[in-house]
Structure formats: structure tokens, C-alpha cells
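Spelled out from the first residue to the last, the chains are:
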Amino acid sequence: MAGPTSVLFACTQNAIRSAMAEAILKHVAGSRIFVDSVGVRPDELDPFAVAVMKEIGIDLSRHRPKGFDDLEDDNFDLVISLSPEAQHRAVEMTRTTACDLEFWNTFDPTAIEGNRETRLAAFRQVRDLLLSRIRERFGDRAKERA
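These lines cover the structure that appears in this document, whether it is placed above or below.

Calculation rules
- Residues numbered from 1 in each chain as written.
- Predicted model: local features only at pLDDT ≥ 70, side-chain atom pairs only at ≥ 80, totals over all residues.
- Heavy atoms only, no water.
- Helix = DSSP H or I, 4+ residues; strand = E, 2+ residues; numbered from the N terminus.
- Polar contact = N/O pair within 3.5 Å; in protein donor to acceptor, adjacent residues only side chain to side chain.
- Contact = heavy atoms within 4.5 Å.
- Pairing = 2+ DSSP bridges.
- Axes fitted to C-alpha atoms, helices over the stretch in contact; angles between N-to-C directions.
- Disulfide = S-S within 2.5 Å.
- Buried < 20%, exposed > 50% of the residue type's maximum accessible area, 1.4 Å probe, protein only.
- Salt bridge = Lys/Arg side-chain N within 4 Å of Asp/Glu carboxyl O.
- Core = buried A, V, L, I, M, F, W, Y, C linked by side-chain atoms within 4.5 Å.

1. Considerations on the side chain of S6
Along the chain, S6 falls in strand β1 (residues 6-11). A distance of 2.9 Å separates a polar side-chain atom of S6 from the backbone nitrogen of D77. When neighbours within four sequence positions are excluded, S6 is seen to be in contact with I33, F34, N75, F76, D77 and L78.

2. Brief notes about the sheet that holds β1
If you walk across this open sheet you meet the four strands as β2-β1-β3-β4, and the pairing is parallel. Edge positions in the sheet fall to β2 (34-39) and β4 (100-103), since each of these pairs with one other strand and no more. For this sheet, the mean inter-axis angle between neighbouring strands, taken without regard to orientation, is 20°. Helix α3 (residues 84-94) contacts β1, β3 (78-81) and β4 of the sheet and is inclined by roughly 170° relative to β4.

3. Description of the state of the cysteines
For the coordinates displayed, the defined rule picks out zero disulfides. Left without a disulfide partner, C11 is nearest to the cysteine sulfur of C99, which lies 17 Å away. For C99, a relative accessible area of 17% corresponds to the buried category.

4. Observations concerning the pattern of salt bridges
Considering all chains together, one arrives at ten salt bridges under this definition. Across the salt bridge formed by R89 and D69, the nearest N and O atoms sit 3.2 Å from each other. Here R89, found in helix α3, pairs with D69, found in the loop between α2 (47-55) and β3; they are 20 residues apart in sequence, far enough to count as distant. According to the relative accessible area criterion, D69 is exposed, its value standing at 72%. Put simply, R124 and E117 hold a salt bridge, and the shortest N to O gap is 2.7 Å.

5. Quick word on the environment of A19
As for its placement among the helices and strands, A19 is situated in helix α1 (residues 17-29). Sequence-wise, A19 and H63 are 44 residues apart; in three dimensions their C-alpha atoms are separated by 7.1 Å. Apart from the residues within four sequence positions on either side, A19 is in contact with N14, S37, L45, L60 and H63.

6. Quick word on the nonpolar core
Counting residues in each nonpolar core, the largest one holds 33 residues, and the members touching the most others are F9, M20, L25, I134 and F138. Elements supplying a minimum of two residues to this core: β1, α1, α2, β3 and α4 (116-143). It is α1 that contributes the most residues to this core, eight residues altogether. Residues in contact with F138, not counting those within four places in the same chain, are P4, V7, L25, I33, L78, I80 and W104. One finds L8, F76, A86 and M93 within the second-largest nonpolar core, a separate group that totals eleven residues.

In C-alpha cells:
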């Protein structure tokens, strides 16, 4: 089954959800799919995101959050939004392009308060949800490497 050859993940800050999704898809699909990510309002990379990705062998520490305006090319086969705010911005971006748009509403783990372990558990939940959705969406192409 032929799938997209370029995918953009978008969320609110490009500091957790879209950054994690980008790294996961790059890890499971290799170089077969060009993958990038952006945020509506880019912010600093969250250290909890780096920590939970390291647990599954993916180094997120070199990720540099960026916004829609920082994209060198906005021509993607598929844009996947992970927050309502990003969905609105992605709809605007794709209005004049021939690309597919999907909305995977993914909760923001920074909304969870508590001690370090409670907060890490919320980040792990998001990571595992994204990993599952990516494997489901990209099928055998992803399973070949995972």
C-alpha cells in the first residue's frame, strides 16, 4: 500500500507532541518518508519529552522547536495536527495545496500536575499513544523497522 512520502506533524508549541511524533515516525519509517514538525507558538523543548523518548531508544535532545513560518517548504502529502489550535493553522496552510489533513487530538501532558513520576507517566502515555497511532496509520511500512 502506497502511503505519503512527506508528513508534517503540528501542535501548539512543537516542544512535546509534534516533536515526539516526528521522532517516532523517523525512527520507524527511516528515510522512506520525509518527516517534519512545527508548532503554532514554538517554545523550548520539554525535558520530560526528551526523557521518555530516551526510554525507548530515541534521542530527542537535538530537536529545535519551530513554527509554521519557519518551514522552508510547506508542500506535504499529509499534515497531522495534534492540538485544536494547530488544526486551525493547518487548515489555513493547506487551503491551497493538494494534501491530506488529519486531526489526532492528543492531550497536552503539561496539564498534569504532581511529582516527577506522575508527570513522567503523563508524557509516557502521550508517547505510547503516538507510537500506537503512527504504527496503525503507516502500517507495514512502520512495522518493518519497529
